[in-house]
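Remarks on the overall topology
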Amino acid sequence: MNNWKQISIGDFIDFNPSESLPKGKEAKKIPMAMLTEYVRKISGFEISEYNSGPKFRNGDTLVAKITPCLENGKTAQVDILEDNEVAFGSSEFIVLRENDNSINEYIYYLAKSPVFRERAISCMEGTSGRKRVNEGALKRQEIIVPDKNIQQKIAKVLSDLDTKIELNNKINAELEAMAKTLFNYWFVQFDFPDMNGKPYKSSGGKMVWNEELKREIPEGWGVDFLTNEMDLQYGFPFSTNLFNENEEGVPIIRIRDILNCTISNYSTEKVDEKYKLFKGDILVGMDGNFHINYWNKENCYLNQRTLRIRATENSISEIQARFSIEPYIKAREKNVSRTTVGHLSAKDVNGLKILKATSEIQYKANDFFKSTLKKIISNSIENQELASLRDWLLPMLMNGQIKLT
């Protein structure tokens, strides 16, 4: 490790570098909520009156310095400002910037690594519920770092993985937008292509009144309850006493796991196979926030107070089902009192209705939606594999266990 040296963090990184702006000038403000372990680059800001918070520029790394934000990995790199533009943020940030010994790209990944995070946590002071990092103590902590040439190579390895993840996220967002556009044209505006390839309703296609929906729908279309159209299954009441994080038994999927397709607990409890999840299943949380998402793993089992929705051979697709029921679920969530925990009941689910097209149109829609969902799931799985590889490499690259020449 001839290219590595021991140095204090304060000598390696500039903390909260000084910046100046004319008083009274409006500036961009980065709220604390923008720092998240799921976002590499900050992608939003608020306009606010200039104040005395820490200042930063593009390329700077922002690290939360309070509990539990620091432990939860709230770190991000600024990438939304104009050239030479200065922004400010919460006093709960630490702003990190390169100096003669370091480069910004390496600092970001160093700040995400156990090497930095463990030292920051060891320098926390205050009450147990609201500790803060003592920046002076953190600056005195020593670490082993490579020269700037190796820093650049390490940052590129990790950045390439993050860039691919971001690209997949962008592709998935575009795929979902395309699917939503087709759903709106065909199943909301009813401008699916008629036998002449023209938009059905706009071209005078026959519409008939539907008493259940209290609106007109295309002739030949039908309305049915979601429970009749698709395969629904509520989760199993696993005993929390048997939960473990040691991967003993089967993965248990709880409400908290739905949005990011994560696995947080396992159980050795015996469970019927009907609770097993497949890739592409729709999962709905039924307590608190009614999270809804497509699942991307197999051989996992659904916990209670969650709902699984799955297409059958002759049903509509999962994408169409989600777009059909999500507005009602979100409206139910919004109407819950802020002072109580919201609950989505079986009665609520039993009342959900879906619109089904004629066989020819429905077949075309299903074909498009199913192929789209397959691509979304594939990209999502690849992202989790890339993130796992990045997280495995990160600590070893930062302590020189893996050498780049």
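Here is what the cut-offs are and how they apply
Residues numbered from 1 in each chain as written. Predicted model: local features only at pLDDT ≥ 70, side-chain atom pairs only at ≥ 80, totals over all residues. Heavy atoms only, no water. Helix = DSSP H or I, 4+ residues; strand = E, 2+ residues; numbered from the N terminus. Buried < 20%, exposed > 50% of the residue type's maximum accessible area, 1.4 Å probe, protein only. Pairing = 2+ DSSP bridges. Core = buried A, V, L, I, M, F, W, Y, C linked by side-chain atoms within 4.5 Å. Contact = heavy atoms within 4.5 Å. Axes fitted to C-alpha atoms, helices over the stretch in contact; angles between N-to-C directions. Parallel < 35°, antiparallel > 145°, perpendicular 65-115°, else oblique. Nonpolar A, V, L, I, M, F, W, Y, C, P; charged D, E, K, R; others polar. Phe/Tyr/Trp six-rings, centres within 6.5 Å; stacked < 30°, edge-to-face > 60°. Lys NZ or Arg CZ within 6 Å of the ring centre and 35° of its normal.

So, on to unusual backbone geometry. One can expect most non-glycine residues to show negative phi and most peptide bonds to be in trans. Positive phi outside glycine occurs at Lys214, with the angle close to 60°. Along the chain, Lys214 turns up in the loop between β14 (207-210) and β15 (215-218). At Glu247, a residue that is not glycine, the phi angle is positive and equals roughly 60°. Judged by its relative accessible area of 60%, Glu247 falls in the exposed class.

This part covers the sheet that holds strand β20 (residues 265-267). Read from one edge of the open sheet, 4 strands run β18-β20-β19-β23, paired in mixed fashion. Strands with a single pairing partner mark the edges of an open sheet, and in this sheet they are β18 (243-244) and β23 (301-302). Across 3 bridges, the pairing between strand β19 (residues 250-253) and β20 is antiparallel. Residue pairing in the sheet places Val250 in a bridge with Ser267 of β20.

Moving on, we get to the nonpolar core. In this structure, Trp221 and Ile309 are the most contacted members of the largest nonpolar core, which totals 42 residues. Going through the elements one at a time, α5 (148-188), β21 (282-285), β22 (292-294), β24 (306-310), α7 (318-335), β25 (353-356) and α9 (359-398) are the ones with two or more residues in this core. Apart from the residues lying within four places of it in its own chain, the contact partners of Trp221 are Trp186, Phe187, Phe190, Phe192, Leu355, Lys356, Ala357, Thr358 and Ile361. Ile13, Tyr106, Ala111 and Ile165 belong to the second-largest nonpolar core, a separate cluster that totals 38 residues.

Closest axis-to-axis distance for the α7/α9 pair is 7 Å, and the angle between their directions is 95°. In terms of axis orientation, α7 runs roughly perpendicular to α9. For the pair α7 and α9, the contacting residues are Glu318, Ile319 and Gln320 in the first and Gln362, Ala365, Asn366, Phe369, Thr372 and Leu373 in the second. Grouping the constituent residues of the contact of α7 with α9 by class yields 4 nonpolar, 4 polar and 1 charged.

Looking now at the packing of aromatic side chains. Per the counting criterion, the structure on display carries 12 aromatic pairs. Ring geometry for Phe192 and Tyr200: centres 4.6 Å apart, planes at 20°, overall stacked. Just as Phe192 is buried, Tyr200 falls in that class too. Here the aromatic residues Phe183, Phe187, Phe190, Phe192, Tyr200, Trp221 and Phe323 are joined through ring pairs into a cluster of three or more. A cation over an aromatic ring shows up here: Lys180 above the ring of Phe323, its NZ or CZ 5.3 Å from the ring centre. It is Arg310 that lies over the ring of Phe278; its NZ or CZ is 3.8 Å from the centre.

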